[in-house]
Amino acid sequence: GQGGMRIYNPIKVTARVNIAIRPYGSAAGVPLMATPVDAKDIKGKTATAVKVGKEVPVEAVPSFDVEPKQLVIPPHEHRYVTVFFNPVGMQAFRAMFEALVEEGSEKGTNRLSFDLCGEGTLPHVSVTEPSERNEGGVPILRFARTLVHKCLTKRLQIRNDGVVAANVRVALPPGTSDFSLGMPAVQFMIVPRGVQSVEVTFAPLAESADSSNVLTVSVTGNSFETQVVRLVASAYAASVALEELPEPERFPDGLDFGDVPVGRKKELSFNLTNFTNAVQRFEWLNVEGGFVTFSPSVGHLRGGGSKRVTATFRSDVPFRAEALAASCVLRKIAFEVAASALEWDSSQSAIRFVSREEYEAAEAVVAAAVEAVAAEATPEGTVAVAVPAMPYHLADDQPAGRKGADGPRKVVEMVPEPPFVFTHPMEVVEAVVEEPKVTGKAVPDKGKDKGKKGGKVEEAVVVVELPPGAELVPLKLRAVCEHAQFSCSATSLTFKGTAMFQTRSATFELRNTSGSMRLEYGWAVRGVGGAAVSLRPSQEGDAYSVSPSKGVLQPGEAANIVISFSPVEVEEYSRELVCQMANLAKGVASPSLALSGRAIRPYCHFEVAESDYLQAGRRPTELVSVISPETKVIEFESLGVKVRNTKRFQMVNPTSISYEYEWLPDNEDGTSSTADLGSLSYSPFALHLLKGTIHGGKRVEMVIDFTPDSVRPVEERWRFRIRSAGIDLPVLLVGAMREPVITFDRTRHNFGPLLVGQRAKETVSLRNEEHIPFAFAFDPKSYSSAATGDGQVVSVEPEQGTLPAGGSAEVVVTFSPSAEKDFNYNLMCLVKKKPTPLTLNVKGEGAAIHDALTLVEGERVLNLAAGVGQLNPCAFGSVHINQRQGKQIAGANNGR
């Protein structure tokens, strides 16, 4: 690391300054001039010698160095030096910087010294993704099973945990073919606490059960920071493959249906892709138990073609399958007719119309076949002959004009499979595949599901007969189909007497006690016995409300259900809170709670938002006055000072009689009682209607203004009285000011050195994050140079304007130095209604060209007059013929 500093000469004499780095704690104040020691005298560390009539060795200072070591500073000018820190170990280092002025006599200015501190560290990074680790803590980047000549990309994420920038290099071993980074090695810089991602691609060229490899993550400058990431992958080859499976990494070569409610279906889709040039016929075999079906179940795949297949799971009994096996048989075919070479599948259908006679004839054929099958049934009830089905079925959207008894029928007819021949003879061979079997205790279900069994499916090995040339594509299936379970902590809720327009709440817990199934719930408020709730014309909703009204609970998760009682009329409120749950077992009822509450009619009601100013402890501790817990708090918030904030609310008389009301200051002598964090000479609150009459069942609008003149929070106590009813309610008006969020996009800008007379411009943005506009204006006095006589050095455009709501304004700051010196201004931006101004610090440095011209004659150096029109003699003396006499003229710029 390095750091720069500026040394300034404030006097009228040129100063020659010697710079040195001394060991921490060494004697100081002796004007020593440091000179480097010859390299052959350096043994393992940097050494320095000083001269004070003779050379006196100074203890070596490791890790610190300074350049330049000597400066010549003209009067009232400055020069820069740079201190370099190159730690030799991971530890803290300290040294002392010393600048000595040759022949300096004043103690206050002849020596400058201060401490240097630094700590050695090494850049280090960590691999945050992937999160999987092996037993040794090595990150594992796992790829899903990938088809040969296909590619899969995963992301490696690296984070810089150090305090210095890290130069990271990610590389694969030489000769790696299946994995790639886009180039043999990737190198990049990560800032402290920064994160960088690297994409790793797996593109197998051949089939392999284990294509594992490693990549290294190394950090330049830290030989100890080399990490290894293990790449785990496998490749397979297939003529037809399953692609775009929902979760290929978590459940490779399979479909995970997750939790499915009993009696419901769930669909998952994937692609069946043909990578050969031949036409393939696919057929999905029946899954054990019939819980999963495929659509299309049979079809043709042209060479290089793909078909979307949908798998549907449904079970009417509890069922759990961890590895249910499905198989797809593939065979190459050739079409007998070239025109039939279409991508046919069993899901294709056609719409046509048949006459009533044709439809009834088809029904008669099917009915006769069913009677024949029933006559040939064995005593055990098994059917030996397949029952024919209707060649078509009625469409759901029958035409409106053809619904009569004699009109034609719109039917859906399945498209027949085009004629084809297999390209291999029909010789049967055996293939071993994994098929499931149902184990465990049978769970019979009554009614229409009688005879079906539920249980758990485990893997089993069976033999499937395949013809030659046929291939089998296996597919694993996983599903959990069980009934939901729950527990509810309450069966009834009774609310205490609650005043009209007020709210009282109660909470109970609903928990999902199932270990594998989600629980979907929804609450509804009904009348006793399930009757509909009748509302009054003035009511917008029932007095009871529930939150959340619906949701989903994961296995083992619980939710707090909040019931709120908000009566709007005096009566007894009896209701039932019914929960609607799906997927419950037969005989298990969803939870139902009896609700009861009673409303109390108040004498007066304020329709103003409830405040937790007192309950939440938000009251400043400086306000020590005691406030009654029955006090009604009305809060105000002002966006800036001297802004009138008006709060309007309705005061309701829910009784049938009229009465008079009045607002009085808290003190009986008629003066208001105002408290704040300072002293206020006036009241920031103004009540527009201090007394009046409210008729029975009517309401009056109250208006209160709050106009703060200070940033301090303020309180004012009032009393609301209804003398005829003996009501005396303490009311606390609370006001607080919030400064508008208006900021510059930066707090400072340094123009750096600039030639005198030139101009530099910089654009800064003034942002308004509030919902209302604000006017702004810069204070010219904050950047005026009238006092110093430097002229107009800094200017701003525009000097005033309006910030739109949620918008910004661009401000151009111009810097034009008028003298060779440093300039520092704090630009003040005044925002209307904002108590504190914004400040933008602007710095700059005026520079000039200090040209110097010298004539070198051997060891003699003469200063020449520089500038346009200046004549300087240059005498060469007597020179012999054919001889050459030369002199050296040197030009220099001593300015910055």
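Residues numbered from 1 in each chain as written. Predicted model: local features only at pLDDT ≥ 70, side-chain atom pairs only at ≥ 80, totals over all residues. Heavy atoms only, no water.

1. Considering the sheet that holds strand β31 (residues 392–394)
In plain terms, the rule: The pairing criterion is simple: DSSP has to find at least two bridges between the two strands. Per the convention used, a helix needs a DSSP run of H or I reaching at least four residues, while a strand needs a run of E reaching at least two, with both numbered from the N terminus. To obtain an axis, a line is fitted to C-alpha atoms, over the contacting stretch when the element is a helix, and the angle between two such axes runs from 0 to 180 degrees between their N-to-C directions.
Here three strands make up an open sheet; going across it, the order is β30-β32-β31 and the pairing antiparallel. Among the strands making up the open sheet, the edge pair consists of β30 (349–354) and β31. When the angles between neighbouring strand axes are averaged without regard to direction, this sheet yields 35°. Sheet topology places β30 next to strand β32 (residues 409–414); six bridges connect them, and they run antiparallel. Bridging across to β32, Ile351 finds its partner in Val412.

2. Details of the packing of aromatic side chains
To be explicit about the condition: Aromatic pairing here means that ring centres of Phe, Tyr or Trp (its six-membered ring) are within 6.5 Å. Orientation follows from the plane angle: under 30 degrees is stacked, over 60 is edge-to-face, and everything else is tilted. Using a 1.4 Å probe on the protein chains alone, a residue whose accessible area is under 20% of its type maximum counts as buried, one over 50% counts as exposed, and one in between counts as partly exposed.
Across all of its chains, the model carries 32 aromatic pairs by this definition. Taken together, a centroid distance of 4.7 Å and an interplanar angle of 20° make the contact between Phe97 and Phe114 stacked. In this pair, Phe97 sits in strand β9 (residues 92–101) while Phe114 sits in strand β10 (residues 111–119), placing the two residues 17 residues apart along the sequence. The exposure class of Phe97 is buried, given its relative accessible area of 0%. For the pair Phe565 and Tyr573, a centre-to-centre distance of 5.4 Å together with 70° between the ring planes defines the contact as edge-to-face. The class for Tyr573 is buried, based on a relative accessible area of 1%. Three or more aromatic residues link up through ring pairs in this structure, and these residues are Phe606, Phe649, Tyr661, Trp663 and Phe720.

3. Brief notes about the confidence of the model for the protein
What counts is decided by this rule: pLDDT expresses how confident the predictor is about each individual residue, on a scale running from 0 to 100. In what follows, a contact means two residues having at least one pair of non-hydrogen atoms within 4.5 Å.
Overall, the predicted model of the protein reaches an average pLDDT of 79, with 84% of residues at or above 70. A low-confidence stretch, residues 457–462 (pLDDT under 50), is modelled with 26 contacts involving residues beyond four sequence positions or located in other chains. The model gives residues 674–680 a pLDDT under 50, and that stretch makes 19 contacts with residues more than four places away or in other chains.

4. Quick look at the nonpolar core
The cut-off we apply is this: In this description, a nonpolar core means a group of buried Ala, Val, Leu, Ile, Met, Phe, Trp, Tyr and Cys residues linked to one another through side-chain atoms lying within 4.5 Å.
By size, the foremost hydrophobic cluster in this structure holds 31 residues, and its most contacted members are Phe257, Phe270, Val292, Phe294 and Leu475. Counting only elements with at least two residues in this core, the list comes to β22 (240–243), β23 (254–259), β24 (265–274), β25 (279–284), β26 (292–295), β28 (306–314), β29 (319–335) and β36 (471–481). Considering every element that reaches this core, the biggest residue donor is β29, with six residues. If you look at the next biggest cluster of nonpolar residues, it comprises 28 residues, including Leu639, Ala760, Phe776 and Leu827.

5. Description of the environment of Glu630
Within the element layout of this structure, Glu630 appears in the loop between β47 (605–607) and β48 (632–639). Distance in space between the C-alpha atoms of Glu630 and Pro730 is 7.2 Å, their sequence separation being 100 residues. Aside from chain neighbours lying at most four places away, what touches Glu630 is Leu729 and Pro730.

6. Quick look at the sheet that holds strand β68 (residues 888–893)
Reading across the sheet, the three strands line up as β67-β66-β68 and stay open at both edges, with antiparallel pairing between neighbours. With one partner strand each, in any of the chains shown, β67 (860–864) and β68 form the two edges of the open sheet. Across the sheet, the axes of successive neighbouring strands diverge by a mean angle of 30°, strand direction being ignored. Here strand β66 (residues 851–857) runs beside β67; their pairing, made up of five bridges, is antiparallel. Residue pairing in the sheet places Leu853 in a bridge with Leu864 of β67.

7. As for the side chain of Glu845
To be explicit about the condition: In protein, a polar contact requires one atom able to donate a hydrogen and another able to accept it; more generally it is a pair of N or O atoms within 3.5 Å, and residues adjacent in sequence count only if both atoms are side-chain atoms.
In this fold, Glu845 is placed in strand β65 (residues 838–847). Given a relative accessible area of 8%, Glu845 falls into the buried group. A polar contact of 2.9 Å, which involves the side chain of Glu845, links it to the side chain of His78.

8. Focus on unusual backbone geometry
Going from Ser295 to Pro296, the amide bond is cis rather than trans, its omega being 0°. Tracing the sequence through the fold places Pro296 in the loop between β26 and β27 (298–301). Not every positive phi belongs to a glycine, and Asn583 is a case in point at roughly 65°. Relative to the assigned elements, Asn583 resides in the loop between β45 (572–581) and β46 (592–600). Looking at Asn583, the relative accessible area reads 12%, which means it is buried.

9. Brief notes about the pattern of salt bridges
Going by this rule: When a carboxyl oxygen of Asp or Glu is within 4 Å of a side-chain nitrogen of Lys or Arg, the pair counts as a salt bridge.
Inspection of the entire model under this criterion finds 40 salt bridges. A salt bridge links Asp256 to Arg478, with the shortest nitrogen-to-oxygen separation between them at 3.7 Å. Of this pair, Asp256 sits in strand β23 while Arg478 sits in strand β36; the two residues are 222 residues apart in sequence, bridging distant segments of the chain.

10. Focus on the pairing of strand β19 (residues 213–219)
Residue alternation in β19 divides its side chains into a buried set, Asn213, Leu215, Val217 and Val219, and an unburied set, Val214, Thr216 and Ser218. Relative to β19, strand β15 (residues 166–171) runs antiparallel, the two sharing four bridges. Residue pairing for β19: Arg169 is matched across the bridge by Ser218. Of the strand pairs in this sheet, β19 and strand β20 (residues 222–232) are connected by seven bridges, and their pairing is antiparallel. Residue Ser218 lies in a different strand from β20, and its bridge partner there is Thr226.

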